[in-house]
Amino acid sequence: MKVGGSTAFTNLSTFFDDSELKRMVDTAEVTAFQGSDKVYLAGLRGAEMSVSGHFDSAIINTLSGQLGASTHPSFRYGPENNSTGRRRFNFDAVITGLNVKAPIGDKVSADMSLLVSGAVTSTTWTSTN
């Protein structure tokens, strides 16, 4: 997973070790009075993502600067890995949560939640990205 802008991206993959991209569609029920079964129309698509993993001060500093920013950062997410030819999802998102956890007797960890703004596109990784 990478975060950045049009030219420079920061690799987050070495810090986060768990991720989930949820894609969903709004629906509208349009069942008529005499209908025996519900009928729905598909509406707008949306997505959200959560990631969690190891704390890193530099990464938290980078992400903190984007928390609630009016210009949404861009993300590149490869659930398999970022090898050439593997699937990659691209999207802009609002960072809606950034949490640091420091329990006694365990590692310091961090998690982040994202709300996708706009479309999620799907491509593959190339040797230049």
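Criteria and cut-off values
- Residues numbered from 1 in each chain as written.
- Predicted model: local features only at pLDDT ≥ 70, side-chain atom pairs only at ≥ 80, totals over all residues.
- Heavy atoms only, no water.
- Core = buried A, V, L, I, M, F, W, Y, C linked by side-chain atoms within 4.5 Å.
- Buried < 20%, exposed > 50% of the residue type's maximum accessible area, 1.4 Å probe, protein only.
- Helix = DSSP H or I, 4+ residues; strand = E, 2+ residues; numbered from the N terminus.
- Contact = heavy atoms within 4.5 Å.
- Phe/Tyr/Trp six-rings, centres within 6.5 Å; stacked < 30°, edge-to-face > 60°.
- Lys NZ or Arg CZ within 6 Å of the ring centre and 35° of its normal.
- Salt bridge = Lys/Arg side-chain N within 4 Å of Asp/Glu carboxyl O.

A. Inspection of the nonpolar core at higher detail. If you look at the biggest cluster of nonpolar residues, it comprises 23 residues, and the most contacted ones within it are Met-1, Leu-12, Leu-63, Phe-75, Phe-91, Met-112 and Leu-114. For this core, the secondary structure elements donating two or more residues are β4 (40–54), α1 (57–64), β5 (74–77), β6 (87–101) and β7 (109–116). When residues no more than four places from it in sequence are discounted, the contact partners of Phe-91 are Leu-21, Met-49, Pro-73, Ser-74, Phe-75, Tyr-77, Leu-114, Val-116, Ala-119 and Val-120.

B. Structural view of the packing of aromatic side chains. Summed over the entire model, instances satisfying the criterion amount to two aromatic pairs. Relative to Phe-91, the ring of Phe-75 lies with its centre 5.7 Å away and its plane at 20 degrees, an arrangement referred to as stacked. Of this pair, Phe-75 sits in strand β5 while Phe-91 is found in strand β6, placing the two residues 16 residues apart along the sequence. Summarising the burial analysis for this pair, Phe-75 and Phe-91 share the class buried. Against the face of Trp-125 rests Arg-88, its NZ or CZ located 5.1 Å from the ring centre.

C. Examining the pattern of salt bridges more closely. Enumeration over the complete set of coordinates arrives at three salt bridges. Where Asp-111 meets Lys-101, a salt bridge forms, and the shortest distance between an N and an O atom there is 3.0 Å. With Asp-111 in strand β7 and Lys-101 in strand β6, this pair connects stretches of sequence that are 10 residues apart. Look at Lys-101 and you get partly exposed, because its relative accessible area is 41%.

By themselves these figures say nothing about function.
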